[in-house]
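Geometric and topological summary
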Amino acid sequence: MQQKEYTTFLSAVPPFADAAVALQSQDDVFSNLTAQVTAPVLYSYVWWCLQQALQDGVKTLYFLARDGHILYQIAQLFCQQYRLPLQCRYLFVSRMALRMPAYHRMGDAAYDLLLVRGANLTPRHVLERLTLSAEEQKRVYADIAFSEADADVPMAPPVFAVFAEKLRHSTVYAAFLQEKSKASYDAAMQYLEQQQLFSGERIGIVDSGWNGSMQNCLLTLMQCAERPLPTVKGYYFGLYTVPQQGEWAAWYFDPATPLSKVIRFNNNVYECMCAAPHGTTMGYQLQEDGTAVPVCKPMGVVDLANAALAETQEQVCLAFTKKALPQLAFSDFAALPLGTLTEQLLQRLLFRPTAAEATALGQFQFCDDMGECYSFPLAAAGQEQALRQCLLSQRFLQRFHRSSAVLAEPFWLYGSLACSGIRRKRWYHWNFACWDFIRHGIGRRRQN
């Protein structure tokens, strides 16, 4: 692994360089990457969040599960070290847990959230987003005249579009949407009440970001309570599109950031860097005493393997934080090149990883669907055919429906490319970057 590059970057912040060197292990590529890239990146982001929150007069900062798990722990160390007048709380939430109780109040917008394409989505996966049982799924299939025999067949984009349109016009699906959403409402509201989100104070939320949907859903739910709404501001690592409700700020990128920087980032890899050692929050359950507790997805074999990696990351990140904090003052933030350092570290790893680095991070099993119905390695060898489908020529053929992608797109293209046996890696790399520039550019035009 080319450690010298990271060492050179980190030398701009000597306490970071010292901490990373102290935590190096001779043979553990994963731990070394965590110390040299993940830890300083997350440390810088948390420092920014705390600085911004205090400037904005925020009293309580909520770190959203699961990406906020390690960030919450780092923030606690900051607050202890500098005695910051800020309360940090960890909020058990997820897209599914927040959206479900809000669907029945969202009108057609609920369908826009439920019927989003995924990497390897089947009809069964789509219906499981609404937590429909096998018998309930059969009723929906019957209503839309869909063959249950195809329930586990991955859908190409044209097939998915037809399936989604049928669900939008299904009275059975609409009835289940209302039923499931209303049934989850009381427990969700009780949990938010217990976490003091209705205290009336100005609050902040910390989350990865991307589209701000968690903030939108949280505020939609909070608006349902017949109480004055607090001012809510989201502090995000990055945003492709901004939240429709509340205030926001982004650390690494937002819709005004040059595309040359955005295309060198991969949100899937970042989410793995923030992996938590517990299952995703599926919803909430009311207890006999009236309190609500979060219900997390049971941990399977894949989840346990991810949890072990997450625990290693957290241990290294916390050790890094403990070594760096005493060497820095909280007010040093503005004087240090943390933004530049974050960009250098992430672009080097995410955009141009070595095979060893991609293999180390590629151990994570990742899913881009809120129901987590499937998972694939973040990066892996042997994906040559899937990578060929991502060349510009193949993209355009697929876009105009002259051909269909056979395999799901790798979650980290540059990582899988580094692991592959493809010889013309630079050609593939250029193709991937061009496509990202095109799709993000189109996305921004649609926003405007």
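Before any of the text, the structure's been laid out above.
The text that follows walks through the structure, step by step, so that each part is easy to find. This is a predicted model, so every value here is computed, not measured.

Considerations on the pattern of salt bridges
Under the definition given, this model contains 10 salt bridges. The shortest N-O distance in the salt bridge between Glu343 and Lys261 comes to 3.9 Å. Linking Glu343 in helix H15 (residues 338-351) with Lys261 in helix H12 (residues 259-262), this pair joins segments that are 82 residues apart in sequence. A cluster of three or more residues bridged by salt bridges with shared partners is formed by Glu5, Arg348 and Glu357.

Some words on helix H20 (residues 425-447)
For H20, with 23 residues, the first-to-last C-alpha span of 33 Å sits near the 33 Å given by 1.5 Å per residue. Residues of H20 that are buried sit in contact with H12, H15, helix H17 (384-388), helix H18 (392-399) and helix H19 (413-419).

Digging into the state of the cysteines
According to the stated counting rule, one finds zero disulfides in the structure shown. Here Cys272 stays free of any disulfide, with the sulfur of Cys274 as its closest cysteine sulfur at 9.5 Å. The class for Cys272 is buried, based on a relative accessible area of 4%. With no disulfide of its own, Cys434 has Cys390 as its nearest cysteine by sulfur position, at a separation of 14 Å.

Some details on the sheet that holds strand S4 (residues 232-239)
In spatial order, the strands read S2-S1-S3-S4-S5; together these five strands make up an open sheet with parallel pairing. Each edge of the open sheet carries a strand with a single partner, namely strand S2 (87-91) and strand S5 (247-253). Across the sheet, the mean angle from the axis of one strand to that of its neighbour is 25 degrees, orientation sign disregarded. By the bridge criterion, seven bridges tie strand S3 (residues 203-210) to S4 in an arrangement that is parallel. Within S4, the position partnered with Ile203 by the bridge is Val232.

What about the nonpolar core?
Formed by 96 residues in total, the largest nonpolar core has its most connected members in Phe16, Tyr43, Phe78, Phe237 and Phe265. Sorting elements by how many residues they give to this core places helix H3 (residues 29-55) first, with 14 residues. Of all hydrophobic cores here, the second largest spans 61 residues; its members include Leu98, Cys217, Tyr236 and Leu239.

Details of the packing of aromatic side chains
Following the criterion strictly, the structure yields 41 aromatic pairs and no others. A ring pair is formed by Phe146 and Phe163, whose centres lie 5.1 Å apart and whose planes are at 65 degrees; its orientation type is edge-to-face. Taken together, the positions of Phe146 in the loop between helix H8 (134-143) and helix H9 (157-168) and Phe163 in helix H9 put the pair 17 residues apart, joining distant regions of the chain. By the burial criterion, Phe146 is buried, and Phe163 matches it. For the ring pair Phe253 and Phe265, a centre distance of 5.3 Å and an interplane angle of 55 degrees mean the geometry is tilted. On the criterion of sequence distance, the pair formed by Phe253 in strand S5 and Phe265 in the loop between H12 and helix H13 (267-273) is long-range, its members being 12 residues apart. As far as burial versus exposure is concerned, Phe253 and Phe265 are alike and both buried. Across from the ring centre of Tyr252, 4.3 Å away, lies the NZ or CZ of Lys261, which sits over that ring.

Concerning the side chain of Gln137
Mapping Gln137 onto the fold places it in helix H8. Exposure remark for Gln137: the relative accessible area of 3% places this residue in the buried category. Setting aside residues no more than four positions away along its own chain, Gln137 makes contact with Arg124, Leu127, Glu128 and Leu132.

Some remarks on the packing of helix H1 (residues 3-10) against H15
At a minimum axis distance of 9 Å, the contact between H1 and H15 shows a crossing angle of 170 degrees. When the interaxial angle is binned, H1 and H15 end up roughly antiparallel. For the pair H1 and H15, contact is made by Glu5, Tyr6, Phe9 and Leu10 and by Leu341, Gln344, Leu345, Arg348 and Leu349, respectively. Of the residues belonging to the contact of H1 with H15, the class tally is six nonpolar, one polar and two charged.

Things to note about helix H14 (residues 301-324)
The end-to-end C-alpha distance of H14, which contains 24 residues, comes to 35 Å, matching closely the 34 Å that a straight helix rising 1.5 Å per residue would cover. Where H14 is buried, its residues touch helix H2 (14-22), H3, helix H4 (68-82), H13, helix H16 (355-361) and strand S8 (365-366).

Digging into the environment of Arg395
Considering the arrangement of structural elements, one finds Arg395 in helix H18. Each C-alpha atom of the pair Arg395 and Asn431 lies 9.9 Å from the other, and the pair is 36 residues apart in sequence. Once you skip the residues sitting within four places of it in the chain, Arg395 turns out to touch Gln389, Cys390, Glu409, Leu413 and Trp435.

Observations concerning the environment of Ala276
For Ala276, the location among the structural elements is in the loop between H13 and strand S6 (281-286). According to the relative accessible area criterion, Ala276 is buried, its value standing at 9%. Spatially, the C-alpha atom of Ala276 lies 5.6 Å from that of Arg66, the residues being 210 residues apart in sequence. Each residue touching Ala276, except ones within four places of it in the same chain, is listed here: Arg66, His69, Tyr90, Ala310 and Glu314.

Calculation notes
- Residues numbered from 1 in each chain as written.
- Predicted model: local features only at pLDDT ≥ 70, side-chain atom pairs only at ≥ 80, totals over all residues.
- Heavy atoms only, no water.
- Salt bridge = Lys/Arg side-chain N within 4 Å of Asp/Glu carboxyl O.
- Helix = DSSP H or I, 4+ residues; strand = E, 2+ residues; numbered from the N terminus.
- Expected span 1.5 Å × (residues − 1).
- Contact = heavy atoms within 4.5 Å.
- Disulfide = S-S within 2.5 Å.
- Buried < 20%, exposed > 50% of the residue type's maximum accessible area, 1.4 Å probe, protein only.
- Pairing = 2+ DSSP bridges.
- Axes fitted to C-alpha atoms, helices over the stretch in contact; angles between N-to-C directions.
- Core = buried A, V, L, I, M, F, W, Y, C linked by side-chain atoms within 4.5 Å.
- Phe/Tyr/Trp six-rings, centres within 6.5 Å; stacked < 30°, edge-to-face > 60°.
- Lys NZ or Arg CZ within 6 Å of the ring centre and 35° of its normal.
- Parallel < 35°, antiparallel > 145°, perpendicular 65-115°, else oblique.
- Nonpolar A, V, L, I, M, F, W, Y, C, P; charged D, E, K, R; others polar.

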